[in-house]
Amino acid sequence: MKLLNLIKKLPEEKNLAIHPRPYFNHSVELKSIFSPEERAKMLQSVGLNVFFFPSEMITGCDLLSDSGVTTMTNEQWAALHLGDEAYGSNRGYFLLIDQIRETFGEEFFNKPGSGRPNAFIFHQGRSCEDALFTLLGKTGSDLIIPSNGHFDTTQANIQINKIQAVNLFSSELKRDKSDSYFKGNMNIQEFKKLLEKSSDKIPLAYLTITNNTAGAQPVSMKNIEEVAELAHKYNVPLFFDACRFAENAWFIKKYERGYTDTEIKKIVKEMFSHVDGFTISFKKDGLVNMGGGLFLKDNGLFIKKYPDSSEMLTNYQIVKEGHPTYGGLSGRDIMALSVGLKIIIKQEYLTYRINQVQEFGEELHKQGVPVLTPIGGHAVYLDVNRFFKDTEMKPGDFGGIALCALLLAAYGHRACELGYFAFGYFDKNTKREIPSEVNFVRFAIPRLRYEKQDLASCAESVKILYEYRHQIPPVKVTYGRDLPLRHFKAKFEFKR
Ligand code: F0G
């Protein structure tokens, strides 16, 4: 009692300026230390393409992606050992069924023998996309799939199947002064116009949560509801690209009226109650290094509209990935995923995770480095055009590529250009570069991997390069300018 009285006189724990992490290190990996000279030599030898730079030589933060690079928890490592590698109906499969039903809703995974197959396990997100769009591509011609922002592989998988991919970004996204917390929303007016004109050409509509292509910005529950209502009115099924569903739910709880006291778990269920299916890469909010899935709502509009889809997807899965009870995953992967899905919706984990990303972004913002605000869920997006605004860097000089190369060689931090080079293209007829709508360098933060000090070091390095921006030379493309998906393959050289 005495102790209780005593602590009541102290400032409350929640008022501390710095909070402890809601986890501690369970095992660590010691890094090899390389010098800037060694890194520069290596980067030069791989044509300044950061994808080909050996990760073992990264002394700072590897922020190339948040996908598949999570640090797993001790419970997940323990679960790996319980993995059952049976060729049919392994132990983890049954745990996963229960966990998917618990997380997203019972209607997304029919138990074997009760109802038609409606859940398909794949090895990662893009293979689910291939399965879905291969099926849809066969249902008609001149089809269109609208989204609030397709991810690049999603767009590529749609287009390969001769379907047009349309992005209906929120108008708030481009307004610098906008303080909207939900810049990831779909543009409702544009969606309505498209439905009125061509709803018979739309096999389904997509919402990416959070919106990776639009700066990791979240989508509000209100937008989800409105998009679903409109789509359904025109007999169009709605799907989520659900990679970062838990982070999206956290933003709804934090910023959307009426959700402050609602548990993340309930928000997730409500979000998924509006859709007819979803694809997901579990390499993000599955908290695992590999895994994906395609889930159709039993009795949802998609299954009603395409009654053969269950049979066709099962055949596709068996031919391309494996038996429906393991899909593209090993038994141990499935075990780790079942545990990962339990952890990912924990409020304290999500708060720490998103605050970490936001602190990193705010540190850059405070130093004057132009970043997209508000900061999104899994990554910080540096605005390359504003970064080089008062310099001689031109769009065709690919300042974002130059910045990433310098950051990696000089300070050992790896980021990724997602801008004029990655999303633009070279028009072979006019021999001109066609720039993309957005021009970012993305710093994606892996889950549970880095500490405050690591990210502070990266922020400081970027700040130094910002001060040095007038001296950063342009790059020229020495290989791959006209290739599809060119940023994964191209080579560059500094012009000076
Ligand atoms: N959808 C979204 C929104 C994604 O961000 C990704 C991958 C995918 C689908 C494809 O999933 O990699 O498992 O095949 N995004 C990673 C990134 C690669 O770095 O943003 P996958």
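All values derive from a computational prediction rather than experimental measurement.

Engineer: Where do I start with the domain arrangement of the chain in this structure?
Structural biologist: Buried accessible area, meaning the area lost when the parts come together, often serves as the stated size of an interface. Each assigned domain of the chain is listed here: domain 1 (27–59 + 346–494) and domain 2 (75–343). Centre-to-centre, using C-alpha coordinates, domain 1 lies 28 Å away from domain 2. Contacts between domain 1 and domain 2 engage 26 residues on the former and 28 residues on the latter. Buried area between domain 1 and domain 2, summed over both chains or domains, comes out near 2,200 Å², and the portion from carbon and sulfur atoms is 59%. Summed over the three residues of domain 1 that lose the most area to domain 2, namely Leu350, Pro374 and Arg447, the buried surface amounts to 24% of that side. Counting every contact that joins domain 1 to domain 2 gives 3 salt bridges. For Arg447, the salt bridge identified is with Asp285, shortest N-O distance 3.1 Å. Our count for the domain 1 to domain 2 interface comes out at 12 residue pairs in polar contact (both at pLDDT 80 or more). Those elements that provide at least two residues to the side of domain 1 that touches domain 2 are helix 14 (347–366) and strand 8 (379–383). The dominant element in the side of domain 1 that touches domain 2, judged by the number of residues it contributes, is helix 14, at 8 residues. Classifying every residue of the side of domain 1 that touches domain 2 by side-chain character gives 11 nonpolar, 9 polar and 6 charged.

Engineer: What exactly am I supposed to notice about helix 18 (residues 452–467) here?
Structural biologist: The periodicity of an α-helix, 3.6 residues per turn, causes residues three or four positions apart to be oriented the same way. Between its first and last C-alpha atoms helix 18 spans 23 Å; for 16 residues at 1.5 Å apiece the expected length is 22 Å, and the two agree. Of the residues making up helix 18, those classed as buried are Leu455, Cys458, Ala459, Ser461, Val462, Leu465 and Tyr466. Down the axis of helix 18, the sector holding all buried residues measures 160 degrees, keeping them to one side. Within helix 18, the exposed residues directed more than 90 degrees away from the buried face are Gln453 and Glu467. In this structure, the buried side of helix 18 is in contact with helix 14, strand 8, helix 15 (384–387), helix 16 (399–411) and strand 12 (440–444).

Engineer: Please clarify how the sheet that holds strand 8 should be interpreted in this entry.
Structural biologist: Backbone-to-backbone hydrogen bonds pair the strands of a sheet. The strands run either parallel or antiparallel. Taken together, the 3 strands give an open sheet; going across it, the order is 8-12-9, and neighbouring strands pair in antiparallel fashion. Looking at strand neighbours, the two that pair on one side only are strand 8 and strand 9 (416–418), the edges of this open sheet. Pairs of neighbouring strands in the sheet enclose a mean axial angle of 35 degrees, with direction left out of account. Across 5 bridges, strand 8 lies against strand 12 in antiparallel orientation. Across the sheet, residue Ala379 finds its bridge partner in strand 12, namely Ala444. Each of strand 8 and strand 12 is contacted by helix 14, which is oriented at about 20 degrees to strand 8, the strand it contacts most.

Rules and cut-offs
- Residues numbered from 1 in each chain as written.
- Predicted model: local features only at pLDDT ≥ 70, side-chain atom pairs only at ≥ 80, totals over all residues.
- Heavy atoms only, no water.
- Domains from an automatic or database assignment.
- Contact = heavy atoms within 4.5 Å.
- Buried area = accessible area lost by both parts, 1.4 Å probe.
- Salt bridge = Lys/Arg side-chain N within 4 Å of Asp/Glu carboxyl O.
- Polar contact = N/O pair within 3.5 Å; in protein donor to acceptor, adjacent residues only side chain to side chain.
- Helix = DSSP H or I, 4+ residues; strand = E, 2+ residues; numbered from the N terminus.
- Nonpolar A, V, L, I, M, F, W, Y, C, P; charged D, E, K, R; others polar.
- Expected span 1.5 Å × (residues − 1).
- Buried < 20%, exposed > 50% of the residue type's maximum accessible area, 1.4 Å probe, protein only.
- Arc of directions from axis to C-beta.
- Pairing = 2+ DSSP bridges.
- Axes fitted to C-alpha atoms, helices over the stretch in contact; angles between N-to-C directions.

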